[in-house]
Amino acid sequence: MKKMQKFSVLISVLFLLTSVGLFTSCDLLLGKAKDSVEKIETEIIDEALAKMGDNFISSYVDADTDSITLPKTIPGYESVRLSWTSSNEAIINPATGAVTHNEGTDVDEVNLTATLSYDKKTRTKVYTVEVEQKSPDILGKAYAAMADDLIPTLVTGESITLPKTVPGYSDVTITWTSSDDSIIKASTGAVTHQAGTGDDEVTLTATLTYEGKTKTKEYTVKVPQADKELTDEEILEAAKSEVVINYTGENFREEVAIPETITVHGKTVAVSVAFAAGSAGASFTTNGNNVLIEKDLIEQTAKLNISLSYNGDFVTKEVSIEVPAVTEIIYYHYDNSTGEIFGTEIFTNNPSTKTFIKEKSWTGYDDSGAEYSYELLENYKIRVTTTKIKSRGKWSTLEAMAEEYTSLYSEMINLMNNPPSTYSELYETAKAIYLSNAGEGASYMSEEEFLEMLGASKDDDAATQAAVIQTYMAAYYAAMGLSEDYTIDDLIADEIEDLLSRYPKNAVYTYRFWDKRNYTKAYPNGVEINFEYQFDNTKPWYNQLGSFYYYDYDKNSSFRIYPRTSYIYINSTEYKGKWDKKHTVFTATYDANEKPLSSPFSITVTDNKDGTVTISGGILTASVNLAFQGYELD
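A quick note: this is a predicted structure, and the numbers were derived from the prediction, not measured.

K.L.:
Explain the overall build of the protein chain residue by residue, including any values.
P.N.:
Of the regular secondary structure elements, the protein chain holds nine helices and 31 strands. Taken against the 2.2 N^0.38 rule, which gives 26 Å for 634 residues, the C-alpha radius of gyration of the protein chain at 36 Å runs more than 25% over that of a compact globule. Summarising its shape, the C-alpha atoms of the protein chain cover approximately 115 × 80 × 50 Å along the three principal directions. For the protein chain, the residues scored as buried account for 38% of the 634 residues in total. Accessible surface, the protein chain: about 35600 Å² in total, of which carbon and sulfur atoms supply 48%.

Below is the structure:
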């Protein structure tokens, strides 16, 4: 009813505009009517937003549900338009509500943002939806991996190898039965060649079993009789069947040796190896008949062309090697004196969701880390976006961290605008602000230490306390760099921009696996991975994730500047100061020990847009070009 009354007021206002022009100032009426409309529209959209409670959409989608309802309107507020966006459209499609479940036993979190629109006003509300992952169809995948040439089609020897597990699916067992156990014994693989000059055919049935479920697949094998003379074609076919690729996928790097010759009934067949077109790359190399295979961040298929030749004839066998992705890399930090582990770095990769996590855990410190989504590019380059941050042992999104920053500064500015009247009140307020943002296990200075910092005494009278607090607040205000020209809103905006700029968003890195086989104690996986940010010429120099430097060891001169920080290095000496808003001028006012410089100076930075900047002015005798060096991904 209330909403209908508001619509009636809107209509009345519009009617008023068209009927009272003869009696009053049209401009005045227009102004008042506009204010009324603005107010009513604001109330309508805010009321509609309030109707969207936490249960407006489902917060959990189980593995058997393939869609979620995303309403286009709000009951009772049909004139307010509603649209949706998804933080991960591969999992929840915001246009249709279709849900795609990743494989696994965990849940994926997706943020769905509802945007309410009414006239020119908008509001947003974010819902976090947990999507249960589906258990992968291991049996079906194992069955698909049972290649048609898993066992030989022609057997000339005295035995045949019948695998007990599916390659790449060690939890799936295989049992075999034979249509003629007297020729091929299923339990042992022993082969008996019958008398005669012809061939016998045997059907071998593989039964795959996983968690009580089964699938079967049949193979037809030709077994030449004892007195048969093999043709050249059969010799090649038999040799082809004996080519075995012993790749386990257990290690980051494996070398598979393929024999250069195979002997069939006393006949020598030559063997050569090459990668099939489109599969060769830095991860797969050959040295003669030795094939070196390295894993990558995603699953790969290495296709080999194996050529066999005999008596002028040849045959080619294409072999596919499924190379699993690197899913975990661990590095332990040891105390050299005690041998104890004091820190751990863990890299965890989920190739199905194209995300990885880097976490650090140090004795006596809160755990930290970050989660990233990624897209693999060519030549070992990767496009990375930060999705979550682990700080003080807690995971949160960048948006949530930005809100924490805003909340922190709001608390501080409230403290400055409404200062307490006593030392004790100031201490308790400052302590509460610090501890609420410092995380679990944090501690704050004692009240005695706090008074010592103020240069005050608990016995000071009320007037003295008020004066000291006022002086402290003024100093605090100045320390934050606030002024009439630089308000708390400016500070919050800059701090949030600085926060977000530290974490990659669609940033390109190169990555490289370092072989650590000789350090198995520190690197139990035998390898480490390194990411280095690549200069992006579409961004200004101060938004690059790295530093700009110059070294000349012969002249003992070095320069380095770090974007968006309050210090620079000139000839290895640190100077502290402040950038202007355009990051073109740095004014140095303090030395490394926070002591004021007797002669402050300013350095001008010119962005050359090519991975270099030029610094000049101040205490420099000549301009210097600095080159970019990208940060490693934490």
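K.L.:
So what about the nonpolar core? Which residues, and what values?
P.N.:
Within the largest apolar cluster, 70 residues are counted, with the highest numbers of intra-cluster contacts made by Phe356, Ile382, Tyr509, Phe513, Phe531, Ile561 and Ile615. Considering each element in turn, this core owes the most residues, eight residues, to helix α5 (residues 398–417). Setting aside its immediate chain neighbours within four residues, isoleucine 382 contacts Leu297, Phe356, Tyr374, Glu375, Leu376, Leu377, Ala507, Val508, Tyr509, Tyr511 and Phe531. Ile235, Ala238, Val256 and Phe284 belong to the second-largest nonpolar core, a separate cluster that totals 27 residues.

K.L.:
Before we move on, can you summarise the sheet that holds strand β10 (residues 261–264) with the specific residues and values?
P.N.:
As summarised here, the arrangement of the four strands in space is β10-β11-β14-β15, forming an open sheet in which the pairing is antiparallel. Here the strands that pair on one side only, and so sit at the sheet edges, are β10 and β15 (313–323). Ignoring which end each strand starts from, the neighbouring axes of this sheet average 30° apart. Bridge count for β10 against strand β11 (residues 267–275) is four bridges, and the pairing is antiparallel. Residue pairing in the sheet places threonine 261 in a bridge with alanine 270 of β11.

Rules used in this analysis
Residues numbered from 1 in each chain as written. Predicted model: local features only at pLDDT ≥ 70, side-chain atom pairs only at ≥ 80, totals over all residues. Heavy atoms only, no water. Helix = DSSP H or I, 4+ residues; strand = E, 2+ residues; numbered from the N terminus. Rg over C-alpha atoms; globule rule 2.2 N^0.38 Å. Buried < 20%, exposed > 50% of the residue type's maximum accessible area, 1.4 Å probe, protein only. Areas by Shrake-Rupley, 256 points an atom, 1.4 Å probe, with all protein chains shown as cover. Core = buried A, V, L, I, M, F, W, Y, C linked by side-chain atoms within 4.5 Å. Contact = heavy atoms within 4.5 Å. Pairing = 2+ DSSP bridges. Axes fitted to C-alpha atoms, helices over the stretch in contact; angles between N-to-C directions.

Geometric values such as these leave the question of function open.
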